[in-house]
Amino acid sequence: MPHTHPRRDALRLGAFAGVALLAPALSAEASTAEASTSHFRHGVASGDPLPDRVVLWTRVTPTEDSAPGSGVGPTVAITYEVAKDAQFRQVVRRGGVTTGPDRDHTVKLDVGGLRPGCWYFYRFTFDGRHSPIGRTRTAPAHHADVDQLRFGVVSCSSWVAGHFAAYRHLAERGDLDAVVHLGDYLYEDYIGTQFRTHQPPGEVVSLTDYRIRHAQYKTDPDLQRLHATYPWIITWDDHEWADNAWSDGSPSHDETTEGTWAQRRAAAMRAYHEWMPVRLDGDRVYRRLRFGTLAELTMLDLRSYRSRQVDPGQVDDPGRTLTGPEQMAFLRDGLLNTDAQWKLIGNPVIFSPLLVPQVPQAAAVTQLVGTTINNDQWDGYPHDRDALIRLLAEHDVRDTVFLTGDVHSSWAFEVPVDEALYPLTEVVATELVVPSVTSDNIDELTGSPPRTTSLALEAALVGLNRHLKWVELDSHGYTVLDVRREHVRMNWYFLAERTDPNSAAALAKTVTVLSGTQRIG
């Protein structure tokens, strides 16, 4: 995620409409009525839907001393049920599992034997008490002729910077198939606007710290409600570990006072394994999920394998990598060999080339996207980006859309083969960048009222980067991605006030990519 603050150096689907509207109310009621006093204080969640299975998650507090990160408490037995109905009269899967302090009393199951493209309800039980009811949906069969998909897409949700009203608005919709989170689900530290207080206070470093921080996020009622309403598809960016992390370190990690990077990374990964509804292969989080023949979603990991960030003059070294060779091969294979129409790429940092204009207002934007070359994003790893662009061009890969987070602001790019020759050069993909849920944007960084000083900077950015079709630097919120045969359409919804848990949200922008064009309409 961007270096947004001083660190240590300065220091639907028609038939399901009724069910879709019922589940949010059920889960919200259960969460508010029971979460603070029951054994299931951190809610329930599901994720990574496949045609026949889905990951289910919860955390149990069997005794008052079994607090997150405490490392104490009994090993206990938990039962689970998956049903076709919210009253659990048609249970299709049930079973039991044990959990204890060795995994921070979390429960994560990969429940199979389900039918493709179906809604299910699930719950957990301990000591006669039920968890809140969750709702989830399996993916369509691999070769199903799917007409439409709809995803909520979000990124950069800082606890201390505001409330998660964006999650509430998504939970209140009845028309999503899943929620895609592009990274910075939580922050290990955040030096910026402080509206709510982190637990534990300060930066998290140890396994205990990371567990407590994960637990705090999952006490948020809007986050709980959205997790209980739809399956999530999530990848990590840097703040799940440490600011501007790379494979062997972070500029914000001090080994003289915080132990080795290997220890910290292992702690962050272990807590992530325990607390997130993500299907991991060992420590590998990059993966593909298919939704019939309409779309395939590849979620990238752009922290675990990347080379260290370097000065702009050194970025062209072909030995440097953002993805690592195995992940790049995985991405290439998916792009070349899928028969799904839309190739969606869950991409934590900006892919498109981006120049920052040298104007007075640019000082703040460089905190989000870097200077002339942003060495933390694909701009800092041009060898990997150029190889991927050549692949798309040489093999005439169509309908590739990068879905990007990280920069706390909203952008829409066309991705050219050669940006210097745009619009005369070939365009191989589009990139749609989502705003932050709460994390500071340009207006907070500059201290200016929203939609004042940012306007000149936005105009300068579009003027300097002709392949950039739209940018909005001030607003927080969420997006909804509508995928159909004829187009991909992204709707940006902006919050009225991120510090208000009851904030309204309004549609601010719609961008359409027509099938076969690689162009923003």
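Residues numbered from 1 in each chain as written. Predicted model: local features only at pLDDT ≥ 70, side-chain atom pairs only at ≥ 80, totals over all residues. Heavy atoms only, no water.

Draft legend 1. Representation of the packing of aromatic side chains within the structure. Counted under the stated rule, the structure contains 22 aromatic pairs. Centroid distance Trp-119 to Tyr-230: 6.3 Å. Interplanar angle 50 degrees. Geometry classified as tilted. Linking Trp-119 in strand S6 (residues 119–126) with Tyr-230 in the loop between helix H4 (221–229) and strand S11 (232–234), this pair joins segments that are 111 residues apart in sequence. The buried category is assigned to Tyr-230, whose relative accessible area is 0%. Seen in terms of ring centroids, Phe-351 and Phe-402 are 4.1 Å apart; in terms of plane orientation they differ by 10 degrees. Their pairing is stacked. Pair noted here: Phe-351 is in the loop between strand S14 (342–347) and helix H8 (362–369) and Phe-402 is in strand S15 (residues 400–404), with a separation of 51 residues, a long-range link. (Phe/Tyr/Trp six-rings, centres within 6.5 Å; stacked < 30°, edge-to-face > 60°. Helix = DSSP H or I, 4+ residues; strand = E, 2+ residues; numbered from the N terminus. Buried < 20%, exposed > 50% of the residue type's maximum accessible area, 1.4 Å probe, protein only.)

Draft legend 2. Region of the structure containing helix H11 (residues 453–464). The end-to-end C-alpha distance of H11, which contains twelve residues, comes to 17 Å, matching closely the 16 Å that a straight helix rising 1.5 Å per residue would cover. Of the positions making up H11, those classed as buried are Ser-454, Leu-457, Glu-458 and Leu-461. Projected down its long axis, H11 carries its buried residues within an arc of 105 degrees, all on one side. With respect to the buried face of H11, the exposed residues turned more than 90 degrees away are Ala-459 and Gly-463. (Expected span 1.5 Å × (residues − 1). Arc of directions from axis to C-beta.)

Draft legend 3. The arrangement of the pattern of salt bridges in detail. Within this structure, the stated rule accounts for 37 salt bridges. Residue Asp-110 pairs with Arg-279 through a salt bridge whose shortest N-O separation is 2.9 Å. Residue Asp-110 is located in strand S5 (residues 106–111), and its partner Arg-279 is located in the loop between helix H6 (261–275) and strand S12 (287–291); the two are separated by 169 residues in the primary sequence. Here Arg-225 makes a salt bridge to Glu-172, at a shortest N to O gap of 4.0 Å. One end of the pair, Arg-225, is in helix H4; the other, Glu-172, is in helix H2 (residues 165–172), with 53 residues separating them in the sequence. With a relative accessible area of 40%, Glu-172 lands in the partly exposed category. (Salt bridge = Lys/Arg side-chain N within 4 Å of Asp/Glu carboxyl O.)

Draft legend 4. Expanded view of the nonpolar core. By size, the foremost hydrophobic cluster in this structure holds 45 residues, and its most contacted members are Tyr-167, Leu-226 and Trp-232. For this core, the elements supplying multiple residues, two or more each, are H2, helix H3 (207–217), H4, S11, H6, strand S19 (477–484) and strand S20 (487–495). The leading source of residues in this core is H6, at six residues. Not counting residues up to four positions away in its chain, the partners in contact with Leu-226 are Tyr-167, Leu-170, Ala-171, Val-179 and Trp-232. Membership of the second largest hydrophobic core comes to 32 residues, among which are Val-180, Phe-291, Ala-295 and Phe-494. (Core = buried A, V, L, I, M, F, W, Y, C linked by side-chain atoms within 4.5 Å. Contact = heavy atoms within 4.5 Å.)

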